[in-house]
Amino acid sequence: GSSGSRSGSGRSGGHSSGAAERKMELRRRAHEALDLLRDPACDLSPDLGALRFGDVVRLLHGDGEALVALCTAPAGCSQEAEALVARELRSSGRVPGNFLAVTAAPVEDGVVGQRAIWELYRANPLDGVPGDTVHYGQLLRLGQRHVDPADRDSEVLLVSEPPSRGGGSGAPYIVFGRPAGYGHPDPRAEEKKAFDGVFRLMPCLAAAAEEARGAAPGQAAALMEGQPVDMRRPAMLVPAAPFAHLHGPRVVSVSTNTKVVGCARFREVQVEAVGGGRSRELLVEASAMPQFASGDLPAAWRIERLVGCERRMAACEQRRAEAHSGLPRALLGRALPSPPDHVRAGAESSEGARESNFARWEHLRNSLLPKIRARGGLGFSAFRKALAANRPVVTGHLLGSLVEAHADDPPGPDERFVIPIEQVCAVLRVEYKVHVADEDLALLSAAFSVRGSAGHWHEGNWEVVTQLLDKHGCSGGKGDLVDADLFADALRGEPSPARHRILCRIYDRLQEDAGVSKTSALSARWVEERLARALPKDLPGASTPELMPEQLINALPLLRSHTSITRFHFCRWLSDTCFHLPTHPAFLDRMKQVWGPFPALVSDAEARLWSLRSRPPPPAMPHMPPFVGKFPPIAPGFPFGIPAGAPDRGDATHAVGSARGRRLGSRGAAEHAEDDWRPRGYP
C-alpha cells in the first residue's frame, strides 16, 4: 500500500511538473520579442499608406509611460481576468471553457511580443467595398496565431459578448479571445453567435474635432464612415453585436474602476510574467457608447502596422548566399541541398509561415465567392444545386402520406444533401476553376462531415466523379460524407446581424397575409401565388424585376416530405438569392420587388444601432425670404411638396385650412422630408 501511494504521488508530481513546464513555455512564447518594426507608412495619409486586410497590426492606447497594447493572456496566466470572464459566461448558461483573457499590457521599450500581434480579416468578401483597403465602418475580424504549439493551426479571434445581466442598463460587454478553425462561424450554432467576433473601426470624432480647432478653415480632413482608415488618427473599435438594437452600441475600451469616485482609475489584473513574477495589466471591456461620445481616452486606439526588420532579412539573404554560392558550393557539390525555387515552396517547412486553418478557410471564401457572384443573382442557388447534382433520390418517404410541417421545424434527415468530398472538389475545379489542395480537402471534410456516413459512399453516381478527378491527380478516399448544405451555408455567411432577423419578420408578415397561425408553415402553392401577385403589371414604363417568380420558386428544393416552407428553409432560400446584395437599401429594394410593400421592417433606432445606412440624409431646408402680399409665391415646405395654408379670410373653412398649414409647417415638414427623400425600396 505504501509503495502504491509513493508511486501514485510520483505520477502526480510528474504530471504537475509537466503542466508547470508547459505553462512556463507558453509564457515564454507569448512574451517572446519578435523582429517586427513599426511601418513608417503609418505617418502617411491613406492615399500613400493605406491599411489593408491581411496586415499585421497592434492596437495601442495612451502614450508615454501609460502606453499599453491590446494583448491576449496565455491560458492559466491570468486567473483573475479568466475568473471574471468565466463567471459572466457561466451565469448566463454559456460554456465557460476554451477562451483566453484579453488585457491591455504595458509596452516596454517598443518591444513587440507575439500576444500583441493581430491580423485583419475581411468579414464579408462581398461587402461591396472595392479593393482590399480597410474603410471606416467595414466589418472585419481580428485574429491572432495561437501561442500553444499543440494548437498552432488554430486562430484566436477577438470576441465581444453581452454580459449575464444589465446589458440594457449600460453594463459593459465582456471581451476575450476564442479559438476559431476551418469553417468558422459554424452555421449550426445560433445565428447571433456569428457576429460576436466581428468589429468595425470607427473614427474618433473627438480627436478629429480637436485637430480641426487648430487647423486652418478647410484644411481639417473630415473622418466619415466609408472613408479609408487613417492610421495617423486614433479610432474606436466597435463590436457588431447582434443585441445592439436592444442594449445600444458598445466600444472596446480599457475598463475603468467604478468604485473610485472623483478620479479616473483603470481596473488592473495580475498576469504571470516570464521570470515567475507578476505584472499589472489593464482589463479590457466593451463599454456603452454614450460614455465615450465626447472622446474619452479609454475608447481611443491607435493602429500601428508592423513590418519585418530589414536588417534580419538582409542577414538571412547573406547567410543563404554564403551557404549556397562560392566556396561551400564548390566543396560540397551534390552533398549541399539545393535552395527552394521560391518562398512559397519553402514556407511549408517553416512553422511561422504556416497559415492557420481559419486563414485557409478565409482564403477559400475570398477566392470562391466572387466567382459565384459573377454568375448573377441566382449564382449561389446554382452552386448549391451543383453540389447535390449526383445525389441519389430516396423516394421511399415520398410514396407514403405527406407529413404536416410546422413553422419552426428543423430540416429532416431526408432533406440533407450528403455527398463525398470528391463531389465538392469536382464542382470547385470544373465549374469554378478553383483548385483545392489535399490539405484543404481534409480540413473541409473534417469540418462538415457527417459521422458514420462512410457506409453510404457507394450510393449515387460518384464513380464518374472519381474518374474525372483521377485525371487531375486528386487523391480521394472513401471517408465520411460531407453535408453540402452546411458547407454552402458556412461559405455564404451572413452580411449583417440584422438580415436574418428581417427575414424572420417577413415570414411573420406572410403568415398574417395567409391567415395561418404562428406555428403553421407557409404552403408552397400560396407562396407561389403571393409572388405572382406582387409582380408589377405589364404596362408601358413599368420596371421589370430582376428575378421572376418562376426563377425564385425553382431555387427551392424540389423533393421533400411535405409541401410547406418552414422558417428555416425560407431564410436559407432568400439568403441564397440575396447573397450578392451587401447593403441594406439594396436588400430592402429586393424584398419590395419580390413581396411588394411591407410596413417598416426595421425601425429608425434599429437601423441606427445596427449601422444600417437605410437612406441618404435629406438635404437641408432652403432659406426662404419672407413674402409680401396676400398669397405666398412658394409653399413654405418647398421642395418637399407641402401645400401652403390658405389665407385667413374670416370663414371657418379657411381658418381650418390655415391651422392645418401651420401645423404642417411646424412639425410635419421634417416627417414629409424624410418620406419624400427615401430611396426606392425603403418600406
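Numbering of residues starts from 1 in every chain and runs along the sequence as written. Two thresholds apply to this predicted model, a pLDDT of at least 70 for residue-level local features and 80 or more for giving and counting side-chain atom pairs, whereas whole-chain, interface and lining totals are computed over all residues. Think of the side-chain values as coming from all heavy atoms in the structure, minus any hydrogens and water.

Draft legend 1. View of the overall build of the chain. Helix and strand counts for the chain stand at 21 helices and 18 strands. Taking the contacts inside the chain whose residues are at least 6 apart along the sequence as the reference set, 77% of them involve residues at least 24 apart. Here the chain has roughly 35400 Å² of accessible surface; of this, 55% comes from carbon and sulfur atoms. Secondary structure elements follow DSSP: runs of H or I no shorter than four residues count as helices, runs of E no shorter than two count as strands, and numbering proceeds from the N terminus. Throughout, a contact is declared for two residues whenever any of their heavy atoms are within 4.5 Å. Here the accessible surface of atoms and residues is derived via Shrake-Rupley with a 1.4 Å probe, and residues count as covered only by protein chains that are part of the display.

Draft legend 2. Structural context of the nonpolar core. The definition of a nonpolar core used throughout is a set of buried Ala, Val, Leu, Ile, Met, Phe, Trp, Tyr and Cys residues joined through side-chain atoms within 4.5 Å. Buried, partly exposed and exposed residues are distinguished by accessible area as a fraction of the type maximum, computed with a 1.4 Å probe on protein chains only: under 20%, between the cut-offs, and over 50%, respectively. Among the nonpolar cores identified, the biggest contains 37 residues, and Ile506, Phe570, Trp573 and Trp595 are the most heavily contacted of them. Secondary-structure elements contributing two or more residues to this core are α15 (499–514), α16 (524–533), α17 (549–554), α18 (567–577), α19 (584–595) and α20 (604–609). Dropping the residues within four chain positions of it, tryptophan 595 is found in contact with Ile506, Leu510, Val527, Arg530, Leu531, Ala534, Phe570, Trp573 and Leu574.

Draft legend 3. View of helix α2 (residues 79–91). A helix is expected to span 1.5 Å multiplied by its residue count minus one. If you check α2, its first and last C-alpha atoms are 18 Å apart, about what 13 residues at 1.5 Å a residue would give, namely 18 Å. Among the residues of α2, those classed as buried are Ala81, Glu82, Leu84, Val85, Ala86 and Leu89. Just beyond α2, the residue with positive phi is glycine 93, at close to 85 degrees.

Draft legend 4. The arrangement of the packing of helix α11 (residues 421–431) against helix α12 (residues 438–448) in detail. Orientation is described by axes fitted as lines to C-alpha atoms, over the contacting stretch for helices, and by angles from 0 to 180 degrees between their N-to-C directions. Between α11 and α12, whose axes approach to 10 Å, the crossing angle comes to 125 degrees. Of the possible angle classes, the one that applies to α11 and α12 is oblique. α12 is crossed by α11, and the crossing has right-handed handedness. In contact with Ile421, Val424 and Cys425 of α11, α12 contributes Leu441, Leu444 and Ser445. Should an angle fall under 35 degrees it is called roughly parallel, over 145 degrees roughly antiparallel, and 65 to 115 degrees roughly perpendicular, with every other angle called oblique. Whether a crossing is left-handed or right-handed is set by the direction in which the near helix is turned from the far one by less than a right angle, anticlockwise for left-handed and clockwise for right-handed.

Draft legend 5. Representation of the environment of alanine 524 within the structure. Structurally, alanine 524 can be placed in helix α16. Taking relative accessible area as the criterion, alanine 524 reaches 24% and is therefore assigned partly exposed. When the C-alpha atoms of alanine 524 and serine 564 are compared, they prove to be 5.3 Å apart, with 40 residues separating the residues in sequence. Beyond its immediate stretch of four places on either side in the chain, alanine 524 contacts Thr563, Ser564 and Ile565.

Draft legend 6. Geometry of the pairing of strand β9 (residues 199–203). Counting buried residues along β9, five of its five residues qualify, which places the element largely inside the surrounding structure. Every second residue of β9 is oriented toward a common face, with Phe199, Leu201 and Pro203 on one face and Arg200 and Met202 on the other, all of them buried. We call two strands paired when DSSP finds no fewer than two bridges between them. In the sheet, strand β6 (residues 139–145) pairs with β9 via two bridges, with the strands oriented antiparallel. Paired with leucine 140 across the two strands is phenylalanine 199, which belongs to β9. Sheet topology note: the β9/strand β10 (residues 235–239) ladder contains five bridges and is antiparallel. Within β10, the residue paired with leucine 201 across the bridge is leucine 237.

Draft legend 7. Up close: unusual backbone geometry. Each neighbour pair has its own omega, and for histidine 184 with proline 185 the value is -5 degrees, a cis peptide bond. With respect to the element layout, proline 185 can be found in the loop between β8 (173–180) and β9. With a phi angle near 60 degrees, asparagine 98 is a residue other than glycine that sits in the positive phi range. A relative accessible area of 58% means that asparagine 98 is categorised as exposed. Phi is positive for lysine 433, close to 55 degrees, though the residue is something other than glycine. Examined against the element boundaries, lysine 433 turns out to sit in the loop between α11 and α12.

Draft legend 8. Spotlight on the pattern of salt bridges. Within this document, salt bridges are pairs made up of a side-chain nitrogen of Lys or Arg and a carboxyl oxygen of Asp or Glu, the two lying within 4 Å of each other. Here the structure, examined in full by the defined rule, presents 29 salt bridges. A salt bridge links aspartate 576 to arginine 492, with the nearest nitrogen and oxygen atoms 2.6 Å apart. Residue aspartate 576 is located in helix α18, and its partner arginine 492 is located in helix α14 (residues 484–492); the two are separated by 84 residues in the primary sequence. Given a relative accessible area of 4%, aspartate 576 falls into the buried group. Under the relative-accessibility criterion, arginine 492 is labelled buried at 11%.

Draft legend 9. Structural view of α14. Counting buried residues in α14 gives nine out of nine residues, a clear majority hidden from the surface. Listed as buried for α14 are Ala484, Asp485, Leu486, Phe487, Ala488, Asp489, Ala490, Leu491 and Arg492. Phi for glycine 493, located one or two positions after α14, is positive at around 70 degrees.

Draft legend 10. Representation of the packing of aromatic side chains within the structure. In this scheme Phe, Tyr and Trp rings, the latter by its six-membered ring, pair at centre separations within 6.5 Å, and the angle between planes marks the pair as stacked below 30 degrees, edge-to-face above 60, and tilted otherwise. By the definition in use, this model includes 14 aromatic pairs. Between the aromatic rings of phenylalanine 99 and phenylalanine 176, the centroid separation amounts to 5.8 Å while the plane-to-plane angle is 70 degrees, which identifies the pairing as edge-to-face. Of this pair, phenylalanine 99 sits in the loop between α2 and β4 (100–106) while phenylalanine 176 sits in strand β8, and the two are 77 residues apart along the sequence. Taking the relative accessible area as the measure of exposure, phenylalanine 99 reaches 13% and is therefore buried. Residue classification places phenylalanine 176 among the buried residues on the basis of a relative accessible area of 0%. Summarising the aromatic geometry, the rings of phenylalanine 380 and phenylalanine 383 are spaced 5.6 Å apart at their centres and angled 55 degrees between planes, so their arrangement reads as tilted. Placement of both phenylalanine 380 and phenylalanine 383 in helix α9 (residues 379–387) is noted, with a separation of three residues, approximately one turn of the helix. Across the pair, exposure class does not vary: phenylalanine 380 and phenylalanine 383 are buried alike. Among the aromatic side chains, those forming a connected cluster through ring pairs are Tyr182, Trp361, Phe380, Phe383, Tyr432, Phe448, Phe487 and Phe579. Over the ring of phenylalanine 587 we find arginine 499; its NZ or CZ atom is 4.2 Å from the centre of that ring. A ring is scored as having a charge over it whenever the NZ atom of a lysine or the CZ atom of an arginine sits within 6 Å of its centre and within 35 degrees of its normal.

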